[in-house]
Every structure is written in structure tokens, then in C-alpha cells.
Amino acid sequence: MPVCTPVSPRVFKAIEKSDIDTLACCREEEIRPILPCLVRLSLIAPLDLSAECIAGRKVVLRILSGIEVVNSLVALLSIDFPALEVDVKKEQQLRQKLGGGSQTESVLVQNLANGLALEFECSDPTRRLRLLLSELLLVMAQIREPRPDFYHKSSELFDNPCYLAEVSDVLCIALAELPSLLPPAEVAEALLHVTHGPTLIANMVANQPDCFREVVTGLVLNGDKQDEDSPGGLLRLQAVRTLCQMNPSQALNVRALCVEQCRMPGLAVYLTLDVGKAGSGMSGNGSYGEGGDVVSYVTGLLLSHNHQQRTWFAQFVKSSQRRKYEQQASSALAALRTDLSERLRNLLLFNSCDNDTLPDSQVIHATALLRLYCALKSLANLKFSEDKEIGLLLQLVTCRPPPSAAGVRFVSTGLCMLIACPSLISSTENERRASEWIKWLVKEEAYFAGASGVSSSFGAMLLLMAIHFHVQQLSAIIELVSAALGMKVITRATNLSRIKYIFTHDVFTEQVVTAHAVKVPVTSGLNANIPGFLPVHCVYHQLKSRMFTKHKVPIKDWIYNQICACSTPLHPVMPQLVEVYVNSIILPASKGGPSDNFNEPITEEEITAVFSQSIFTEKPPSTKRKRSGSAQRELCRGSAAMLRGKWPVTNSLTATKSTSSQLVSQSFSAAGESGVASVMTSQLLLLYYLLLYQDVRLSNTHQLLTNTRRVHAYSPHLFTQLPLRYLLSHAQKEQRLYAGLFSPLVKLLVSHYPQLCLVEDWLYQSPPSHSRLGILPPKVPLDPQSVTRAMEGAVDNSGQLLVLLDRLMQMPPHQLWPLAAPLTANLKFLLQPGVPRKVLDTYRQVWLRLNSLFPRRLWAMTVEGLLPAELLGRAHRTLTEDDIVLDPLYVLRCDERVYRCAPLLQLVIYMLQVYLLSSRTFLSQQMQNTPVVTATPPHSLVGGAGGGGGNTTSPQALEEEREKLRGALVLTQESAAVQILLEACLMRKQHKDEAAGALVQQEVRSIVCSYIHQAFLKDTTLAKLVHFQGYPSELIGPVVRGVPSMHIAIGLNWIPELLQLPDLDKQLFAMELTSHLALQNAMPSTLSISRLGINTLATLLSVLGEEERLVIVDWSLTSMVRVGRAFPALVDDLLHLLVLYGRVASAQAALSTAPAPKCVAFLDKFENGKIQELKDSGEIGVEKMDYEECPPPGSPSAPSLLPHLPRRVPREDTLYARVIEAFRRLVVESTMTHNLY
């Protein structure tokens, strides 16, 4: 739609900047529209009286002196505008009252004898102004009324072109003299509804350049979403476009406003085309590459991140195609397509006639143009013209670009366009041309890859497309094209039949694709920053579809080399590649396919070769990146193997085994010498491969045995040599570099090595060392001999050991590891009395630092170092990790002095925890390794010798039986460990006289109770088993107070089961446990259990024999007092039970020998604690001893020890006295302490 502006850009710029000299050079026809502004400028008294201003006014007067129309304009400016302003206000009020319907009533114009046009021609200047303002105000009033369609005002004054110049002059003067009554934006909106409205608006803005932005903004904001769907929208488009042609510097700002408000897309397209043609147009060599930003702008709209803007422009393209042919020809879309077609023709003018070569200078422009057409087709559903666009597009797509990075990008975009726009090859001739072009790509891909110097070539995309076509994954192809183009491509699968035939029959057969893929060189320095489609994508999809195993093509070496060539940040496809590779090794392609071919696993020698390189001497990333570019170019030069069958020479890896200390100490300064780009990345990927391989193999062992297929199993010795903990901690710290690998790696480690994933290990952070002890003299060399000598003198020369340990704390773990052996072998020297606590705490910190590198070897060495001398004296072989995993209690068979050394006891309990977890995991893996396949079980599992030999049991029942046995073994180990630790909490006689014995015992109990708390929370069955086994009664109180999880005894309600056991000791144990729990957790459920215990004791008292009754009375008195203190509501039942106790003791005393006179009164003089002490020591309460008999001379109760106790008291009388004392304490503690009375 051509538009001609009445005011040239030159004149508008001059009047906007007050450039009088430029105006003086213009012709009269050019300055005619702005005469009202110039005349008014000449008549107004200037504020600036400078010589330059006066000279400018003279130039203006000289310009106006020869123009006849100036006289009429001077007359218009000479009228009485204040009086006119009053009448205009009255007219506006009248229009607001009457609306736009009445045209006869007017304040400004009265008694129209002739027509409006004739009156305007014959009237004086004042009446002309009144006539124009009356008509303008009428239009402004009429457009405010709601109307279904666009309203066009027919007016003699505006319709007749002979009055257009005079009407424009009068309008401009009225707007200039009455600015408050006639806003320019509202006047412009009204002028759109009259004939010649865009011209009048342009003249109005030209005479008032400062209102340009206001007028344009108003016109755009009032525009429609689709401006070409209505006549009013087209007029508005023409008006704004005229203004922008008059002021080209603001065209891009107006376009940005259209996009921001999502209005008038046709205007935005026209402005883009106008700016392109006015700015540069055709360059000197005929190229359209720099002809504005049409391509980039339209592409940006279609691919905008703003969904509203993207939908708005796509709807514009769709609605433009739905119009009639005549309307389409004059639309903005037609102008855009014409411009794009012209660009296509100009690009094709440079192609050589013989080989269709595209010049290097045009490659980037051609790529952008192809991408724009793909966006128009996919996002806006643009239908290509058969005679104008399809032929040109296919001719451009099949051009042969130069071998450069831009050329590779052009070819990739062309390939994607053939998929996104299948209509390009709808004819036979076009299909033949596309097929020849793809064959040329296959032939020249190696040359492109080597000459362009990019790591990702279009060869990988060709292979990937061929793979997807062969496996019928058309949706994957569309996703691939969408990812390459950066847009969502919508193409029906049925439309891809022609291009599919080209790929699968003309160019790539399935066997050719598979053979070529394995010959593609790996990508050196593969990381997530490398864009495009790489060989790893092709191999991944072929592995996923089992094409390698189908055609018996070995892929193991390629995958291993690619793993070794990876660097950070990790490419996201690598974890997926490892996963499908592991599945192709173990799992068949189909459920019923045991005879399928499988890939080979990576050998242990190859894995060891990578892990033999030190992860602590790896070069910084910056150094590697400097070399990665040349390495990538070398690999790209060898990519001819993809199509020519030549395999590039790669560095071989030396397979050597080494111990864990050698893994750390060996340092290869140049990782590239062995073909490993990033040691840490390759080791993490191989670790993921090993763990995933083990997981898949164990999960499918039953299926493998059923199919009688043997799968390689990696030796446990290999896993012991790997720094699993260090690799995991590094991946955790650098998760941004190993995205997609850390989460599955942690999942596998938790499943197979839970001992390496303890919560305290995740939370542990090495404390910052602010100590300066390491700088103290003498400087001791850090070698095994010095460490051994320092630990041997831990008592006599503890300061030297402390200085050495402080120096070790400053070292990184990999430098510290060679000293792990002497640090653990001489550990027993730290158990001697007199070793400072600071030394023990520092040693523990050093041990934890070593624990972050090779924890499993450290655990085994530490257990070996803590074994007592009596075990080491016999024919003893060094403990291995396997020995301790089979019997975790080896950890607790340590020197007894460990149980009096809290820092080392913490390490022992930590190792006990990890080895119990290891044992549990080992037993589960053993069951998975040897599943039950046959239905005839061994006699040991069937149970019962009476069963005949022909009895059979289902494999499911056998598995359940094995699972029960495994669970029983695990529980036995864990309960034994808990029992041993509980015994360690007892105060031994040799430690009672120590000054700090009670404090040491309290700390030991705190550590043990913390472990028991975690063990009980992890497995509540363990808590039940330990209490059913029982432990010393003096530990019940400390355990209940120190183990918060003891409340599960109440919640799980297994104390009643303990009370029902036919063992009196267990019943008394349960009652004492209940009493302590009542004090610690006074809850309704505890009240019920306490009442049940009281009833149980009362029942037992009535049915048991003499000795059992006395035992019940003897052991349950203190429990009764504790229960009464916790639950005063049970006082009545407790008092009743104590009365029964008293009766039993009194009756029993009556049957025995008479006691000494006043024995009861004598016993009352002692406090209850003293009586209990005497009773425990055997000094009183000897059963049925004659009260006259004197104790033997050497007995503990000799008169020399108790001079005030002349004789012993029978046991029954002692119990009676204790019952009375318990009665008194019960009343005091259950009632008085609670202020009940």
C-alpha cells in the first residue's frame, strides 16, 4: 500500500529544529503545508532579541514575501480569538448536551444561507474559522457515540480537494491559537473519520512538531489488534505511516510502541520495510543483506519470549492469508513476502552457475532468511507460494556453502528446513534435487568438519536423523529439528514420507548408519558448552534402539574413549549414554529374547587405567581449555571416518592395577598423555557406570539365571581401590559442573554403599585450624617413622605429638594418606593413662580428614590397630574389610581401654555403624546374587526331619524363608553390638577409685546412648529384641534418660508382652523399665501399662512360691515408689500392693527364727539408702541365720566394720522394714511433692 506524505522529511526536520537556512533553500511547493507556522512565527514578537534571531526573522520574512497565500493567513491571525474561544466553549457544551445527532443547532455558525462549502469560500476569515470549528466539533461529538462499524463523516468542506489547502491552513491556525480547547490527539482521532484525514493530520503535526509523539501515541493506542481487518484500521495505518515517513527518525520508536501494546501489526511491518528501504536499501554490490532489519525483526517477533507478542504476530499472518486475493495483494503481509522473495533472488544471483556455490559473505544472511521462513511456516502457518517461494527456497537450501562455521550452520538449518517444510520437496524434481544435495553433504562432510574447525558438524545431525527414520521415531526427529532451529516445529508425520525415503533408501541404510557411527571420532573435551548435535547423540540413540547389537558392531571402545574425552561442565547426554550402554550389556532387547546379541562391558584394566591417574594433580580448567580447541580440530579433521570408513588414530590407555595408596601418590602431570581430558570427570562417569552395572546386574540376576546366561561381575577388590567418598564429595561441591550425574550417583551409592552416605558424613566439615602449634620447633619430618616415634611417646612427650598432629591438620587429605598406616597401627599408645585430651581430640580430627578419601581401608586399618594384644599374639593374619563385613563385631573386640576413652570410642562406634550397614548390604546382595531358581529346597531350609525327600517348596516360600533368616542374622548382630556397648557403660571396680571415673563414665554413657537412640529409631524391632534379652538393671535408668527413642516401648506396646513371659526376671525387668518410663514419659498409655504391671505383680504374689514372692518384694519396691511419683492416681493400688507386700514379709518372718530384740526399731534408724547398701554388700539379711550367731572373723560384717551392729538380722525382717520405708516414701513422693493436700 503506497503512501505519499504531503510534507517532506527535509522540511519537517528543518521546522522541528528551526533550521531557517534549510527552509530558505526549499521550493514554495515544499514549504506550502507549513506556511501557517511560518506566518505565525513572523507575526509573534520574539523573546530572543539576539542578532542571530533577528537575522532569522528577516529570512522568514523574505521567504514569505513572494507568496500570495500569506495575506489570507495574516488575516486569519488578526481576528478576535478571545471572543472566538468563548463561543467554542459554548459549542462544546452544546455538543455534549445534544450529542452528535443534531447538525442544525450551532453557536459558532448560524443562518447558513448556502451550502457549507460555498459559505466557506465566500466568507471572511472569522466566519471561515467558525465554519471549520463547528464541523470539527460535530465530528468529535459523533465519534464518541458507540457504533458497530467504522463511521465516515461526509462533509462538503472536507470532501472537496480544492478546499484542502485552505482547510488545512485554518485548522492549523485554530489549533495554534486555541490549544486548550483542541487537543491535537483528539483532533487527529476525529480527522480519521473525514476524507483526506491522513493529509490533514500530517499538515497539523508539521505545523506543531512538538505534538508528534502525542498524536502518534494516541493513534496507536486506539488502534485494533489487527489493523487491516477494517476500513478504519487501514486509514489509521495510513495516517501513522504518513507521519513516520514525514519523521523517519521516530519510525522505530513507533514500531516498538506497536509491539509493546500488541496493536497494528501491519503498521509495524510497513515501518520495518520503509526503514529498510530508506536506510540502506540495495548496497553497492546489489546485496540485500544490509537492507534494514526486516529478517531479524520478524524473526524476533515470531520467536519472542513474550507469548502475547508471539501470538499477536502469528495471528496477523494467519488472518492476512484468510482474506480475499485482492485484499491480500495490497496487505502488509504481501509486501513482506515480496521483500523476502526479493532477498531470495538477490542471494541466488551470486551462486555460480556450475556448482551453486554460495559466497562466504552471504552465508549468514542466507541462514537467517531460511530460519525466518521456518518460523513463518511452523509458528504462523504460512503457506508457501508454488511459483514464487518454493522454487527459490529449495534452490537456496541446496546451495553449497564454503567450509566454515557459518557454512556448517547454514547446512544444519537447510536440513531442518526440509523437515519443517516438507512442501519444498512435494514435486519429483524437487525431491531429486534434495536427494542429490544430501548425498553431496555425505560426501563432503569430512572436509567441512576439518576445514571449519568446529567440534559439532552437520554429519552428526545427518546420522541422528537417519537413525530416527530407521526406528520410526518421527516425533524425535521433529524434536531434534525444533531444538536445532530454536522453535517449536509442527509437522505431521505423514508429510515426512518423501524425506524419510531419501534418508532410508537413497542415502543411509540401517547397516551403513551403524557402521559409520562407530567410526566417528569422539568429541575431544566434550562438555555442555559445545552446541549443536554431536556424535554422542547419534551413538546414544543407536544404543537405545539396539542397532549396534543387531548388526554386531562393537561400541565399547568408542564409549570408553568418549568417557575419557569428557570435561566439565558435563554434557547432559553422557549419563543417559552410560545408562543405555549398561542396559545393552545386561538386558535383552525384548522380554523373550535370550538369544539377542549384547555389547561388551568395559574391562577392569581399562577402568584401572583411568583411576591410576591422580585426581589431585589435574591441570586447571584454563590450561585445558587452551589446548582443547586444537584437539577438537584434530578430531574434526578425522571425521571422514564417518563416511569413508577410516578410523582415526587414538591414544591407547595403559591398563595397570595399583593399591589405594598408589592411586593417590601417582601423579601424571599431563592427562593428555593417556587420552584423558579431565581425570575427575572421567572417573565420576566410570564410577557411575560401575555402580549402575552392579545395580542392573543384581536386579536382573533371577532372569539371567533363568536364561542360563553368565554376565561379567566386577571384582570387589576393584571397588575397594576406588576413592568413592572423595569423588562423591567433589561431585556434591561442584553440582553445577555435574548436572544430571550427581543425583543418580547418590541414589546408587545409597543402595549399594550406604556406609558411605551417612548423615554425619554429609554434615561434616573440616574445622578451620587457627592453631600455630605446627610452627613450633623442632621441625619433625612428616614420614611414617616420625609419626611412629611421636605416638610411642604420647605420654612422656605429648607436646611433640600434638605439634605433629597439628601439622597434619594443615595438610590436604591426599597428602595425608601415606601416613594413615602408622597413625592407625600405633593407635593403642593413645590408650595409655596420662595422654592429654587435646591430643585425643586432634587425632580424631586427623582421622576424620583421612576418612574423606579412602574410608573403607582406613576403617579396616583402625580396627586392626585397636585389637587387644591377646588376639594379636596368636597366629593372627591381618584383618581385611571382607572379614569385618562378615563379622561386624570385630570392631567391638578392641582393647578394653577404648571404652574409657571417649574420643576413640566415638570412632569405634562410627566404624561399628558403617560395618553393620555394610554387613546388611552384603547379605542382601548375596541373596540377589544367588536367587532360588529350583523348586527343591535344601533340607536345612525346609525344616523338620519328618518331611519326605520328595517334598517341594515354591521358590517364593524359599525366598521368604531366606529373607527371614537374613533379618534374624542382622538383628542378632545389631543386638549383640548394643549389649556389648551397654556393658561398657557399667562402672568397673578398678575405675571406681579414679578421680575422674564418674565423669568418664558419664561421657561414655552419653556416646553409647546416642548410638542406641539412632539404632532404635532405625529399627524399632531392635529395641524390642534388646529389652526382651534384658540388660543389667542399674542401666535401665541411664538408658531411659539418655535414649529419647525409648518412648517407642510405650508407643509400640510391647511391655505387656514382656510382662506375659513366664520368666520372673523378665517380668521384674519390665516393671522396673515401666517405672523409669513413667517418670520420663508420663502419658495416658504409660499409666495403663503401669496399672497392668501393678496388677501383674499382685497376681504373681498370690500364685508363686515362697522364694519367688520374696524376690518380687525385694526387687519391686523402688519401682512402686517411682510409679507412684509419676502417677498419683495409682496411689491406692500401690498402697494396696504394699500392704500385701507387708503381709507376705510379716508372715514369712513369723515362720522363721525369732529376730533379735528391737531389730525393727534398729532398722528404722537407718536411711533407706544405707539399708540398701548393707543389703547389697551382704552384711544384713542373711536368710534364716540364727540371730545369736556371731559372724566369722574374716567376714565383711565383722564387728570391726560395724561395731554398732552386734548381730545380723533375718532377711524377712529386713524386707518388712523396707516395705515400711517404701510406704513412707510413696506417700511423701506421690502426694506431698505434688501438693495434693
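Here the residue numbers are simple positions, counted from 1 along each chain's written sequence. Totals for whole chains, interfaces and linings use every residue, but because this is a predicted model, local features are given only for residues with pLDDT of at least 70 and side-chain atom pairs only at 80 or more, for both listing and counting. Only hydrogens and water are removed before side-chain values are computed, so all heavy atoms of the structure are retained for them.

Taking an unreviewed UniProt entry as the reference, the chain is identified by name as Integrator complex subunit 2 belonging to Petrolisthes manimaculis. Quoted verbatim from the Sequence similarities (unreviewed entry) field of UniProt, the annotation for the chain is "Belongs to the Integrator subunit 2 family." UniProt positions are given in the numbering used here, feature names are shortened, and annotations may be inferred rather than shown by experiment. For the record of the chain, the UniProt heading Subcellular location (unreviewed entry) holds the text "Nucleus".

*Asks:* Could you give an account of the overall build of the chain, with specific residues and numbers?
*Replies:* Looking only at helices and strands, one finds 66 helices and 0 strands in the chain. Three exposure classes are used, based on accessible area relative to the maximum for each residue type with a 1.4 Å probe and protein chains only: buried under 20%, partly exposed in between, and exposed over 50%. Taking all 1237 residues of the chain together, 53% fall into the buried category. In what follows, residue pairs with any heavy atoms lying within 4.5 Å of each other are defined as contacts. Look at the contacts in the chain between residues 6 or more apart in sequence, and 77% of them connect residues 24 or more apart. Within the structure as shown, the chain displays about 55,700 Å² of accessible surface, and the carbon and sulfur contribution to it stands at 54%. For the purposes of this entry, the term helix denotes a DSSP run of H or I that reaches at least four residues, the term strand denotes a run of E that reaches at least two, and both are numbered from the N terminus. Method for areas: the Shrake-Rupley scheme with a 1.4 Å probe, in which residue coverage is limited to the protein chains shown.

*Asks:* Explain the confidence of the model for the chain residue by residue, including any values.
*Replies:* Known as pLDDT, the predictor's per-residue confidence is scaled from 0 to 100. Of the residues in the chain, 82% have a pLDDT of 70 or more, and the chain-wide mean is 80. Low confidence marks residues 935–950, where pLDDT is under 50. Its contacts with residues over four positions away, or in another chain, come to 15 contacts.

*Asks:* Describe the packing of aromatic side chains, naming the residues involved and giving the relevant values.
*Replies:* Each Phe, Tyr or Trp ring, with Trp reduced to its six-membered ring, pairs with another whose centre is within 6.5 Å; inter-plane angles below 30 degrees give stacked pairs, above 60 give edge-to-face pairs, and intermediate values give tilted ones. Per the counting criterion, the structure on display carries 17 aromatic pairs. With a centroid separation of 5.1 Å and 70° between ring planes, the pair formed by Tyr693 and Tyr714 is classed as edge-to-face. Here Tyr714 lies in the loop between α39 (701–706) and α40 (716–720) and Tyr693 lies in helix α38 (residues 679–699), a separation of 21 residues in the sequence. The class for Tyr693 is buried, based on a relative accessible area of 1%. When the ring of Phe719 is compared with that of Tyr753, the centres are 6.0 Å apart and the planes differ by 35°; the resulting orientation is tilted. Separated by 34 residues along the polypeptide, Phe719 in helix α40 and Tyr753 in the loop between α42 (742–752) and α43 (759–763) bring together distant segments of the chain. Taken as a pair, Phe719 and Tyr753 share a single burial class, namely buried. Placement of a charge over a ring requires the Lys NZ or Arg CZ to be within 6 Å of the ring centre, with the centre-to-atom vector within 35 degrees of the ring normal. Across the ring face of Phe598, the terminal group of Arg709 is positioned such that the distance to the ring centre comes to 3.5 Å.

*Asks:* So what's going on with the pattern of salt bridges? Which residues, and what values?
*Replies:* Any Lys or Arg side-chain nitrogen found within 4 Å of a carboxyl oxygen on Asp or Glu counts as a salt bridge. Considering all chains together, one arrives at 34 salt bridges under this definition. Notably, a salt bridge pairs Glu166 with Arg128, separated by 3.4 Å at the nearest N-O pair. Pair noted here: Glu166 is in helix α11 (residues 164–177) and Arg128 is in helix α9 (residues 125–142), with a separation of 38 residues, a long-range link. With a relative accessible area of 32%, Glu166 lands in the partly exposed category. Of the residues examined, Arg128 reaches a relative accessible area of 18% and is grouped as buried. As a salt-bridge pair, Arg1224 and Glu1221 come within 2.1 Å of each other at their nearest N and O atoms. Within this pair, Arg1224 and its partner Glu1221 are both found in helix α66 (residues 1211–1232), separated by 3 residues, close to a single helical turn. Residue Arg1224 is classed as partly exposed on the basis of its relative accessible area of 45%.

*Asks:* Give me the lowdown on the side chain of Glu30, citing residues and values where you can.
*Replies:* Relative to the helices and strands, Glu30 is located in helix α3 (residues 28–31). Accessibility expressed as a relative area gives 17% for Glu30, which makes it buried. Aside from chain neighbours lying at most four places away, what touches Glu30 is Arg10 and Val11.

*Asks:* So what's going on with helix α28 (residues 497–507)? Which residues, and what values?
*Replies:* Restricting attention to buried positions, one finds in α28 the residues Ile499, Ile502, Phe503, Thr504 and Val507. An end-on view of α28 places all buried positions within 165° of arc, on one side of the element. In this description, one arc is meant: the one made by directions from the helix axis to the C-beta atoms.

*Asks:* Can you explain unusual backbone geometry? Please cite residues and give values.
*Replies:* Residue Pro569 is bonded to the preceding Thr568 through a cis peptide linkage, with omega at -5°. Locating Pro569 in the fold gives a position in the loop between α32 (556–564) and α33 (573–586). Even without being a glycine, Met264 presents a positive backbone phi close to 55°. Relative to the elements of secondary structure, Met264 occurs in the loop between α16 (251–261) and α17 (265–279). Unlike most non-glycine residues, Arg546 shows phi in positive territory, near 60°. The topology assignment puts Arg546 in the loop between α30 (535–544) and α31 (547–550).

*Asks:* Can you lay out the packing of α38 against helix α52 (residues 902–929) for me, pointing to particular residues and giving the numbers?
*Replies:* Between N-to-C directions, angles cover 0 to 180 degrees, with each direction set by a line fitted to C-alpha atoms, over the stretch in contact for helices. Across the interface, α38 lies against α52 with an axial gap of 8 Å and an inter-helix angle of 55°. Classified by the angle between their axes, α38 and α52 sit oblique to one another. Residue-level contacts link Gln694, Arg697 and Leu698 of α38 to Gln925, Gln928 and Asn929 of α52. Looking at side-chain class alone, the contact of α38 with α52 contains 1 nonpolar, 4 polar and 1 charged residues. Working rule for angles: under 35 degrees goes down as roughly parallel, over 145 as roughly antiparallel, 65 to 115 as roughly perpendicular, anything else as oblique. Basically, the charged four are Asp, Glu, Lys and Arg, the nonpolar ten are Ala, Val, Leu, Ile, Met, Phe, Trp, Tyr, Cys and Pro, and anything else, Gly included, counts as polar.

*Asks:* Run through the environment of Ala1217, naming residues and quoting values.
*Replies:* Its location among the elements puts Ala1217 in helix α66. When the C-alpha atoms of Ala1217 and Gly1142 are compared, they prove to be 8.7 Å apart, with 75 residues separating the residues in sequence.

*Asks:* Just give me the short version of helix α6 (residues 69–76), but keep the residues and values in it.
*Replies:* All of the buried residues in α6 are Val70, Leu73 and Leu76. Buried positions in α6, seen along its axis, are confined to an arc of 115° and lie on one side of it.

*Asks:* Tell me about the packing of helix α61 (residues 1084–1103) against helix α63 (residues 1131–1151), and please be specific about residues and values.
*Replies:* Closest axis-to-axis distance for the α61/α63 pair is 10 Å, and the angle between their directions is 20°. Taken together, the axis directions place α61 and α63 in an arrangement best described as roughly parallel. For the pair α61 and α63, the crossing hand works out as left-handed. Of α63, the residues touching α61 (which contributes Arg1091, Ile1094, Leu1097, Ala1098 and Leu1101) are Asp1133, Leu1134, Leu1137, Leu1140, Tyr1141 and Val1144. The crossing is said to be left-handed when, going from far helix to near helix, the turn is anticlockwise and less than a right angle, and right-handed when the turn is clockwise.

*Asks:* How would you explain the state of the cysteines if you had to name every residue and give the values?
*Replies:* Cysteine sulfur atoms that come within 2.5 Å of each other are treated as a disulfide pair. Under the definition given, this model contains 0 disulfides. This cysteine, Cys564, is not joined by any disulfide, and Cys566 carries the nearest cysteine sulfur, 8.7 Å off.

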